[in-house]
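What follows is each chain in one-letter form.
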Amino acid sequence: MSNELTRRLEALERRLNASEHRGGTSQPLRVVIVYGCLPPGLPLWATAGSHEWFPDPGEELEAFAVRAAAAARALKEPLLVLGGLPKTQAQNDVALAAYDAWLLTDDGVPPVEPGRGIHA
C-alpha cells in the first residue's frame, strides 16, 4: 500500500475523531480505519454495532466515511470501524470480488524471483 494512501487514511481518521465530533451534547463516536488487509487499499465497508454500510459506486473514501460516521452517530453507536475482516456474507461477497479484481493486477505484488540455491 502506498505511503500516500496510508497518510490519507490516517488524516481521515484523525479528522473524524476531532473534538468537534466527539464533544458537546452529541454521543461520542470513535472512528477506527483498518487498512493493509487483502486486497490492500481503501476500506470496502463500515460497521457500527450490528449495522453496516458500503460505499456507493464512485463514492470517494472521504464522502463515504463522513456518511457512515453520520449514520453511526444518528444510531448512537460508540464505535465505527471502516475496513477490517469480513463479518457478514455481504462483506465477504464484496471482499472476494475486490480480491479477485486485485489478483488481475500487478499493483503491490512483488515480482516472482527465483529461489536461492535452486538451479533450473
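Calculation criteria
Residues numbered from 1 in each chain as written. Predicted model: local features only at pLDDT ≥ 70, side-chain atom pairs only at ≥ 80, totals over all residues. Heavy atoms only, no water. Pairing = 2+ DSSP bridges. Helix = DSSP H or I, 4+ residues; strand = E, 2+ residues; numbered from the N terminus. Axes fitted to C-alpha atoms, helices over the stretch in contact; angles between N-to-C directions. Contact = heavy atoms within 4.5 Å. Buried < 20%, exposed > 50% of the residue type's maximum accessible area, 1.4 Å probe, protein only. Expected span 1.5 Å × (residues − 1). Arc of directions from axis to C-beta.

Trainee: What am I meant to see in the sheet that holds strand β3 (residues 51-53) here?
Mentor: Strand pairs in the sheet, formed through backbone hydrogen bonds, run parallel or antiparallel to each other. With mixed pairing, the four strands of this open sheet are ordered in space as β1-β4-β2-β3. Each end of this open sheet is capped by a strand with a single partner; those strands are β1 (30-33) and β3. Going from strand to strand, the sheet's axes swing by 20° on average, the running direction of each strand aside. Sitting on the sheet, helix α3 (residues 61-74) is in contact with β2 (46-48), β3 and β4 (79-82), with an inclination near 155° to β4.

Trainee: Whenever I open this one, the environment of A46 confuses me. Can you help?
Mentor: By secondary structure assignment, the location of A46 is in strand β2. Residue A46 is classed as buried on the basis of its relative accessible area of 0%. Along the sequence, A46 and L80 sit 34 residues apart, while their C-alpha atoms lie 6.8 Å from each other.

Trainee: Sorry, what's going on with α3 here?
Mentor: Here α3 spans 20 Å end to end across 14 residues, near enough to the 20 Å set by a 1.5 Å rise per residue. All of the buried residues along α3 are L61, F64, A65, A68, A69 and A72. The buried side chains of α3 occupy one side of the element, clustering within an arc of 130° when seen end-on. If you follow the buried residues of α3, they end up packed against α1 (3-16), β2, β3 and β4. Of the residues one or two after α3, K76 is the one with positive phi, at around 60°.

Trainee: I would appreciate a short explanation of unusual backbone geometry in the present structure.
Mentor: It is generally the case that most residues other than glycine have a negative phi and that most peptide bonds are trans. The phi dihedral of K76 is positive, around 60°, even though this residue is not glycine. Residue K76 is classed as exposed on the basis of its relative accessible area of 59%.

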